[in-house]
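Examination of the molecular architecture
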Amino acid sequence: MVEMFFLNSKFLLAMFLLIILSLFSFALFWPKSFSYTDCGNCEMLGVKKNIERIVSIRKNFFGYEIKVIANTCCGIKLAPKTQISKGIIRLHLNALGSNCPMGCLCDKELKINIPSSQELKVIEFYIDDILIDKRSVYGDKLSNGEEFCEQIPSYKERCYTRVAFIKKDLNLCNISGNKECFLELQEYLLLSCLSQKIKSCKEIFSENYKQETI
């Protein structure tokens, strides 16, 4: 009976050590973990192609889980690189390889785990060293990023275009300087409206379109 007790104790101790080792290994390799969806299996923002953007940020025990959407060529894999300094995280995304089939565009949602004990204030998202999206962070919430649109001239058009779609505000298309923004947002809003089966959708948007083109 005593022998059985010691065997059980050793087994429980071994199991406990194994769990601790597993958690330690997970924590050790967690910073490198990331995954992405198949083409097209992410929320669409835009009409012709998905608007590249930061989707969400979530804090957990080890740090942060960040979701972004990027457009790539089919078959191209992506590699994230991160930098954290003074509450600002810079997420750089680079394509691995240069094989790009003609006309084959693929939008992917990437989930990236970032180890950090810092309280994040800002997140910046770059693709091939070009600033794509910049947001303020409030716990697990993100701003729409409009506060940063005027900071860098080369970023202004991308920023206001994205915010126009997020806020569904046609006036922001005029600020963006993107000539296609208004018509694409009109189409996006119309498709969103029709998906909700609202009968007056076509009349509302056709009237708005007439006023804009006069």
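The preceding data block contains the structure.
Parameters and conventions
- Residues numbered from 1 in each chain as written.
- Predicted model: local features only at pLDDT ≥ 70, side-chain atom pairs only at ≥ 80, totals over all residues.
- Heavy atoms only, no water.
- Helix = DSSP H or I, 4+ residues; strand = E, 2+ residues; numbered from the N terminus.
- Contact = heavy atoms within 4.5 Å.
- Areas by Shrake-Rupley, 256 points an atom, 1.4 Å probe, with all protein chains shown as cover.
- Axes fitted to C-alpha atoms, helices over the stretch in contact; angles between N-to-C directions.
- Parallel < 35°, antiparallel > 145°, perpendicular 65-115°, else oblique.
- Left-handed = near helix turned anticlockwise from the far one by under 90°.
- Nonpolar A, V, L, I, M, F, W, Y, C, P; charged D, E, K, R; others polar.
- Salt bridge = Lys/Arg side-chain N within 4 Å of Asp/Glu carboxyl O.
- Buried < 20%, exposed > 50% of the residue type's maximum accessible area, 1.4 Å probe, protein only.
- Pairing = 2+ DSSP bridges.
- Core = buried A, V, L, I, M, F, W, Y, C linked by side-chain atoms within 4.5 Å.

**Concerning the overall build of the chain**
Scanning the chain from N- to C-terminus turns up five helices and nine strands. Listing each helix as α and each strand as β along the chain from the N terminus yields α-β-β-β-β-β-β-β-β-β-α-α-α-α. Taking as baseline every contact in the chain between residues at least 6 positions apart, the subset at least 24 positions apart corresponds to 54%. By element, 60% of the accessible surface of the chain is carried by carbon and sulfur atoms, the whole surface being about 13,600 Å².

**Some thoughts on the packing of helix α2 (residues 153-167) against helix α4 (residues 181-195)**
Packed helix pairs are specified by the crossing angle of their axes together with the interaxial distance, meaning the distance between the axes. For the pair α2 and α4, the least separation of the axes is 10 Å and the interaxial angle reads 20°. Classed by the angle they form, the pair α2 and α4 counts as roughly parallel. By crossing handedness, the relation of α2 to α4 is classed as right-handed. Judged by residue contacts, Thr161, Ala164 and Phe165 of α2 engage Cys181, Glu184, Leu185 and Tyr188 from α4. Residues of the contact of α2 with α4, tallied by class, amount to five nonpolar, one polar and one charged.

**Some points on the pattern of salt bridges**
Summed over the entire model, instances satisfying the criterion amount to ten salt bridges. Where Glu124 meets Lys134, a salt bridge forms, and the shortest distance between an N and an O atom there is 3.2 Å. One end of the pair, Glu124, is in strand β7 (residues 122-127); the other, Lys134, is in strand β8 (residues 130-138), and ten residues separate them in sequence. For the pair formed by Glu124 and Lys134, the shared burial category is buried. Connected via shared salt-bridge partners are Lys48, Glu180 and Glu184.

**Quick word on the pairing of β7**
Burial analysis of β7 places six of its six residues in the buried class, the great majority of the element. Both faces of β7 are covered, namely the face carrying Val122, Glu124 and Tyr126 and the face carrying Ile123, Phe125 and Ile127. When strand β5 (residues 88-96) meets β7, the two strands line up parallel, connected through six bridges. Looking at β7, one finds that Arg90 is bridged to Glu124. Here six bridges tie β7 to β8, and the two strands are oriented antiparallel to one another. Its bridge partner being in β8, Ile127 is matched across the sheet by Ile130. What sits between the antiparallel neighbours β7 and β8 is a turn of two residues, in which Asp128 has the positive phi angle 50°.

**Things to note about the nonpolar core**
Within the largest apolar cluster, 21 residues are counted, with the highest numbers of intra-cluster contacts made by Ala164, Phe165, Cys173, Leu185 and Tyr188. Sorting the residues of this core by element identifies β7, α2, α3 (171-176) and α4 as the ones contributing at least two each. In terms of residue count, α2 provides more of this core than any other element does, six residues in total. With near-sequence residues (within four places) excluded, Tyr188 lies in contact with Met44, Leu45, Gly46, Val47 and Phe165. Ile54, Tyr64, Ile89 and Leu110 belong to the second-largest nonpolar core, a separate cluster that totals 19 residues.

**Quick notes on the side chain of His92**
If you trace the backbone, His92 turns up in strand β5. If sequence neighbours within four positions are ignored, His92 has contacts with Ala79, Pro80, Lys81, Gln83, Tyr126 and Asp129.

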